[in-house]
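What follows is each chain in one-letter form.
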Amino acid sequence: MCGVKGLGVRGWLLLGLITVVVLASTGVWNPFPAMWDWVDRSQPISEPDVVWQQRVGGTPKSVTIAADTVIVEQRTRVEARSLATGTQLWEHKADWSAVAGGDRDPVVAVGRLLVKGYELLDPTTGAVRRRDGDAVAVWTYRNAILDVRCVEPTDCTLSAWDPRGTRPLWTAFLPGVHSGLLADNPDLLGTRRLTAPRIDGGVAGPESVPPLLGFPVDGRVHVVDTATGRVLQNVQPGREERLAVIGGRLLRITATSRDGTCYFTVAAQDPATGQEVWRRAGLNLRTAEYAGCVQREDPQGARNVLIGVGPDGREAVLDGYDGRLLQVGGDGEKLLAVDDRYALVRSADKRSVLGRELSVDRTRWTRAAGGKSGAALTPYAAVIAEEKPSRLIAVDPRTGRELAVLRTSANALAVGRTGMIIGEGREIGYVRWGAGSSVPPPPEEGGSLPGPNPGGTWQPPSDEGSCGPKRELCAGADGSR
């Protein structure tokens, strides 16, 4: 008895620990799992709380909503989770992944670095739908998959596939590609999107394949018609030129150094005929560095539109097809995001964000915002990231009505038809439209993307815009026109 009384505090703690270990090892009582769950319990990443929140195995490289699943790309693996519950559906070893297809026919392309080929997985089950063992690069779009394989460095074949197709739609010859194995979505000569802090660059998911694509090969540009696979042009840029393929046109952007400044000219050609269709001078597309006016960057923009800066310092949005000025900003205004239909602009006093419709060049809505707010446009919502206080806000890009208002320091990772995925570190969560706001979620619009200006009077300037990149909207049931 005296020995027990003389144990002291440390002795009693040691005796208690030994007792717990013995009970746990014999299966009588084990408190350690409950203790670990308490220590490891995640705090909500937003207020109001998300529908579900899960911790993934590593910091996500990309997150994409694919129909009713969430595809999470990590460093050495890809996993799928249920959009409704966040439960893991499957996991696959891969060094890269990319989602193709729309809301009704998505697939997940996966592959290994420095290894030819890729697999297409079903996003719900993880089952292999198609396997390729020779491709050195893959491009994923909402309505197509393109891949390229080379039997020799100067003998390559480009193929186009329906996302769930088993036979190529067309093939085309290319005299090479970039050297090496390129994995998913290597850069082509198009537009460079505006970026924003706390909004992932791939938040909008895959886009429809453009009507024309520009492949850089050994200093030349090969322009491919994505409807037929026909190579329309094989162009060598001039010494002061940069080429870009945007809005169904081949743009030749010239930057000339003179009088201590850079003078810019952009001329657009019809690749099928080689004829110039429009030209603008004095518009800086932000392709050149100041030293020597060397152009090393693609022009800023998105889809079929370009962003330029006029001689008066005001930003403008151009239609890549016909060169029309779709919007000219005011003094001191700053473009935050743009697509074919809308533009998000920070006001000159830095106190608000304006939502503008490009077809009529007018402000649709205005909301208060800080001077460091960032924004992005997706097919389903405009996302605004604010600081001090940190918030993520999703609104209808046409009307500005709130879809979700979150007090959070998390990032916007992916936007879908019914909500968005946010994340911080290894934590990701799903926000359904209506969180923190008093308005209902946007209505269902079927399986296709919204049109260029739903409910409006403006029409695209050509069949290339109104019929879709593959003319699928104007084709008959048998695919003929």
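See above for the structure.
Everything quoted here is computed from the prediction, not taken from an experiment. (Residues numbered from 1 in each chain as written. Predicted model: local features only at pLDDT ≥ 70, side-chain atom pairs only at ≥ 80, totals over all residues. Heavy atoms only, no water.)

Enquirer: Sorry if this is basic, but what is going on with the sheet that holds strand β7 (residues 107–111) here?
Expert: Sheets are built from strands that pair by backbone hydrogen bonding, the pairs being arranged parallel or antiparallel. Across the sheet, four strands lie side by side as β6-β7-β8-β9; this open sheet has antiparallel pairing. Of all the strands in the sheet, just β6 (96–100) and β9 (128–132) have a single pairing partner and so form its edges. Sheet twist, expressed as the average angle between the axes of neighbouring strands with direction ignored, equals 20°. Note that strand β8 (residues 118–121) and β9 share four bridges and pair antiparallel. The partner of Leu-121 across the bridge, within β9, is Val-128. (Pairing = 2+ DSSP bridges. Helix = DSSP H or I, 4+ residues; strand = E, 2+ residues; numbered from the N terminus. Axes fitted to C-alpha atoms, helices over the stretch in contact; angles between N-to-C directions.)

Enquirer: Please clarify how the pattern of salt bridges should be interpreted in this entry.
Expert: Pairing between side chains of opposite charge can happen when the charged atoms of each approach one another. Using the criterion set out here, one finds 32 salt bridges in the structure. With its nearest N and O atoms 2.6 Å apart, the salt bridge here joins Glu-427 to Arg-55. With Glu-427 in strand β36 (residues 427–432) and Arg-55 in strand β1 (residues 52–55), this pair connects stretches of sequence that are 372 residues apart. Where Arg-398 meets Glu-357, a salt bridge forms, and the shortest distance between an N and an O atom there is 3.3 Å. Remark: Glu-357 occurs in strand β28 (residues 352–357) and Arg-398 occurs in the loop between β32 (391–395) and β33 (402–407); sequence separation between them is 41 residues. Residue classification places Arg-398 among the partly exposed positions, given a relative accessible area of 22%. Residues joined by salt bridges that share partners form a network here, namely Asp-103, Arg-142 and Arg-417. (Salt bridge = Lys/Arg side-chain N within 4 Å of Asp/Glu carboxyl O. Buried < 20%, exposed > 50% of the residue type's maximum accessible area, 1.4 Å probe, protein only.)

Enquirer: Please explain the nonpolar core as it appears in this structure.
Expert: Nonpolar side chains in soluble globular proteins generally cluster together in the buried interior. In terms of nonpolar packing, the biggest core is built from 22 residues, with Ile-199, Val-415, Met-420, Ile-422, Val-431 and Trp-433 touching the most fellow members. For this core, the secondary-structure elements that each account for two or more residues are β31 (382–386), β32, β33, β34 (411–415) and β35 (419–424). The element that contributes the greatest number of residues to this core is β33, accounting for three residues. Membership of the second largest hydrophobic core comes to 20 residues, among which are Val-136, Ala-137, Tyr-141 and Leu-188. (Core = buried A, V, L, I, M, F, W, Y, C linked by side-chain atoms within 4.5 Å.)

Enquirer: Hey, could you run me through unusual backbone geometry in this one?
Expert: Trans is the prevailing form of peptide bonds, just as negative phi is the prevailing case for residues other than glycine. Put simply, Glu-47 and Pro-48 share a cis peptide bond, and its omega is 0°. Structurally, Pro-48 can be placed in the loop between α3 (32–40) and β1. Here the amide bond leading from Lys-388 into Pro-389 is cis, since omega sits at 5°, within 30 degrees of zero. Examined against the element boundaries, Pro-389 turns out to sit in the loop between β31 and β32.

Enquirer: Help me understand the state of the cysteines in this model?
Expert: By definition, a disulfide links two cysteine residues through a covalent bond between their sulfur atoms. Evaluated as defined, the whole model comprises two disulfides. Linked covalently through their sulfurs, Cys-150 and Cys-156 form a disulfide whose S-S length is 2.0 Å. Its S-S torsion of about 105° marks the bond between Cys-150 and Cys-156 as right-handed, since a negative value means left-handed. Covalently, Cys-262 is tied to Cys-293 through a disulfide, its sulfur atoms 1.8 Å apart. Measuring handedness by torsion sign, the sulfur bridge of Cys-262 and Cys-293 sits at about -100° and is left-handed. Of this pair, Cys-262 sits in strand β20 (residues 261–269) while Cys-293 sits in the loop between β21 (276–281) and β22 (301–302), and the two are 31 residues apart along the sequence. Side by side, Cys-262 and Cys-293 carry an identical accessibility label, which is buried. (Disulfide = S-S within 2.5 Å.)

Enquirer: I'm lost on empty space enclosed by the protein in this one. Help?
Expert: In this approach the atoms are scanned with a rolling probe the size of a water molecule, which exposes any empty space left behind. Inspection of the entire model under this criterion finds three cavities of 30 Å³ or more. Considered as a void within the structure, the second largest cavity measures approximately 40 Å³ in volume. Lining the second largest cavity are Pro-197, Arg-198, Lys-372, Ser-373, Gly-374, Ala-385, Glu-386 and Glu-387. For the lining of the second largest cavity, a count of residues per class yields two nonpolar, two polar and four charged. (1 Å grid on protein atoms, 1.4 Å probe; cavity = no way out; pocket = protein on both sides within 12 Å on 5 of 7 lines; lining within 4 Å. Points joined across faces, edges and corners; volume = space filled by probe spheres on them. Nonpolar A, V, L, I, M, F, W, Y, C, P; charged D, E, K, R; others polar.)

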